[in-house]
Amino acid sequence: MSKRLCYVACLSYGSKAAVRYRLPVEPGSVAGSLSSDHPLDQRGGRHTLRRMRGTALAAAAMAGALVLAGCAKDSGAGNNNNASSGDQSAGCVTAPKPPAAAAASTSSAQAGEKVDGSKLKVALAFDVGGRGDASFNDSAAAGTDKAKSELGVTAVTESTAAATEDEAAKSQRLDQLASQGFSPVIAVGFAYAKAVGAIAPKYPNTQFAIVDDDSVKAPNVTPLVFAEEQGSFLAGVAAAYKSKKCHVGFVGGVNTPLIQKFEAGFLQGVKAASSKAVIEDEYLTPAGDFSGFQDPAKGNVKAAAQIAKGADVVYHAAGASGKGVFEAAKSNNALAIGVDSDQYNQKTVEASKDVIITSMLKRVDVAVFDYLRALAKGDLTSLPKRFDLKVDGVGYATSGGKIDDIKDVLDGYKAQIVSGAITVSDKPQK
C-alpha cells in the first residue's frame with residue numbers, strides 16, 4: 001500500500017463515518033451493501049439489513065485492523081532515520097558518524113604571565129568595510145580591544161580602505177601611519193600585500209603585520225595567516241546535517257585564492273557528510289573587483305537565486321555583503337552560516353540572527369591579540385606559523401544553540417583534521 005493510500009485509509013477507519021465509505025469490493029457482495037441509502041431501507045427489510053450491517057461491520061473492523069497494521073509498517077514506526085519521522089537531515093547524511101573527539105583544543109593565547117603593552121602604539125589599517133563590517137575587520141578590532149583591556153595598550157588609531165582605492169592610496173595610508181610613529185602597523189587583509197612590501201623597507205624600525213598574506217618577506221613584517229579551509233570544512237558538515245532538502249549553497253565575495261580556501265573547505269565538508277547533497281557555488285565579483293566584499297544588495301540577490309534553486313542552507317565568505325545573504329535567507333525561509341566572527345551576536349546583522357545557525361570562526365582577534373602580546377614581550381617566535389584548528393585559530397560558533405545536537409559530530413571531524421586523519425584541501429574540488 002502506498003503511503004498516500006495508507007494515510008487516507010487510516011484516516012477513514014479512524015472516523016465514525018468509516019462505514020459510510022464503500023470499500024473497493026466486488027458488486028453484489030455483503031461489504032458492497034454498506035451505504036445507508038441501500039434500497040432495503042426503503043422496502044422495510046430491516047432485519048435483513050441489520051444482519052448485513054453486522055456482517056459488514058465485522059468485515060470493516062477486520063479490514064481496519066489490516067489497514068492500521070499496514071500503516072504502522074509503512075510509516076517505519078520506531079525508525080528515527082526514516083524521512084517520514086521528520087528528521088530530514090538524516091536522509092541527507094550518508095557518512096558514518098565520526099568517532100568522539102578527545103579533549104578540545106585550547107586557544108593559542110598564552111595565559112598566566114602578565115605582559116605590559118602600554119608602550120605599543122597600534123595602528124589598524126582596515127580593509128574595505130572597516131570596523132562594523134560584522135566580519136574579519138570587526139574581528140581584528142576585537143583583538144585590539146582585548147589588548148587594551150588585558151595588555152594596557154592605550155594608543156590605537158584606525159583607518160579604513162575605500163572599495164575603489166588603488167595601490168597608491170593603500171601605500172599612502174601605511175606610509176602616513178608609520179611616519180606618525182605607530183608601531184606596529186597592522187594591515188588587515190591580503191589587499192595590502194603590495195603596499196606592505198613597498199612601505200615596510202622604508203621603516204626598518206617599525207613593526208608591520210599583515211592579515212591573510214605571507215608573501216612579504218621582510219624582517220619587520222609578520223604574516224598572520226589561517227587555515228580557513230579547515231574551519232569551512234566544519235561549516236560544510238553543519239550545512240549537510242541541517243539541510244532538509246539536501247541542497248546547500250556557497251556565496252563568495254571576490255574570486256581570489258584566499259576566498260577559494262573557504263569554498264574548498266566547505267565543498268569538502270559537505271561531501272564528507274553526504275554523497276548526495278546538491279551544492280550551489282558562486283561568487284559576487286571576479287578577482288580584482290573588491291566591491292564583492294561590500295555589496296549587501298548583490299549578496300541578497302545571489303543568495304535568493306540559490307535558495308530559489310532549492311538550497312536551504314547558505315554559507316557566505318563575502319565580508320559585509322554577507323548581510324544581504326542573511327536577509328535573503330530570512331525572507332525565503334532558509335538558514336545561513338556566517339563567517340569570520342560569531343555573526344549571531346553581531347549587532348549589524350541582528351535582524352537576521354534567527355536564521356544564522358553557526359559561523360565559521362576565523363580568529364583574527366586571537367591572531368591580532370597574540371601578535372600584540374608577543375610583540376610586547378619581545379618574542380615573535382612564539383607565534384604559530386599558521387592559525388589552524390590545532391591552535392584554535394579557526395573553528396565554529398555555537399551561539400543560539402542551533403547546532404547543539406550535532407556538536408559531537410563537528411568535534412569528531414575537528415579531531416580527525418587535527419590528528420591528520422583528514423587532510424582538507426585549500427583548492428576547490430568540484
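For the structure, check the block above.
Predicted, not measured: the structure shown is a model, and the values here were computed from it. (Residues numbered from 1 in each chain as written. Predicted model: local features only at pLDDT ≥ 70, side-chain atom pairs only at ≥ 80, totals over all residues. Heavy atoms only, no water.)

Teacher, can you tell me more about the packing of aromatic side chains here?
Within this structure, the stated rule accounts for seven aromatic pairs. Ring geometry for F250 versus Y315: centroids 5.8 Å apart, planes at 55°, classification tilted. One end of the pair, F250, is in strand β6 (residues 247-254); the other, Y315, is in strand β8 (residues 313-317), with 65 residues separating them in the sequence. Both residues of the pair, F250 and Y315, belong to the buried class. Clustering of aromatic rings is evident, with ring pairs tying together F250, F266, Y283 and Y315. When the ring centre of F182 is taken as origin, the NZ or CZ atom of K121, which lies over that ring, is 5.1 Å away. Directly above the aromatic system of F369 lies the positively charged group of K146, at a separation of 4.5 Å from the ring centroid. (Phe/Tyr/Trp six-rings, centres within 6.5 Å; stacked < 30°, edge-to-face > 60°. Helix = DSSP H or I, 4+ residues; strand = E, 2+ residues; numbered from the N terminus. Buried < 20%, exposed > 50% of the residue type's maximum accessible area, 1.4 Å probe, protein only. Lys NZ or Arg CZ within 6 Å of the ring centre and 35° of its normal.)

When you look at unusual backbone geometry in this model, what are you seeing that I'm missing?
Keep in mind that most residues, glycine aside, have a negative phi and that most peptide bonds are trans. Across the junction of S183 and P184, the peptide omega takes the value 15°, indicating a cis bond. Positioned with a positive phi, D212 is a non-glycine residue whose angle comes to about 75°. With respect to the secondary-structure elements, D212 resides in the loop between β4 (208-211) and β5 (221-224). Non-glycine residue D340 carries a positive phi angle of around 70°. With respect to the element layout, D340 can be found in strand β9 (residues 335-340).

How do you make sense of the state of the cysteines when you look at a structure like this?
As used in these notes, a disulfide is a covalent bond between sulfur atoms, one from each of two cysteines. What the rule picks out here adds up to one disulfide. Residue C92 pairs covalently with C246 via a disulfide, S to S 2.2 Å. Because the sign of the S-S torsion sets the handedness, a value of about 70° for the bond joining C92 and C246 places this disulfide among the right-handed ones. Taken together, the residues C92 in helix α4 (residues 88-92) and C246 in the loop between α8 (228-242) and β6 connect sequence positions 154 residues apart. Both residues of the pair, C92 and C246, belong to the buried class. (Disulfide = S-S within 2.5 Å.)

In this structure, what is going on with the pattern of salt bridges? I would like to understand it.
Side chains carrying opposite charge are able to pair once their charged atoms draw close together. Per the counting criterion, the structure on display carries 20 salt bridges. We note a salt bridge from R173 to E165, for which the minimum N-O separation is 2.8 Å. E165 shares its class with R173; the two are buried. The salt bridge involving D354 is made with K330; its shortest N-O contact spans 3.0 Å. Note that D354 is positioned in the loop between β9 and β10 (356-362) and K330 in helix α11 (residues 322-331), a separation of 24 residues in sequence. Several salt bridges converge on common partners, so that one network encompasses D212, E228, K261 and K362. (Salt bridge = Lys/Arg side-chain N within 4 Å of Asp/Glu carboxyl O.)

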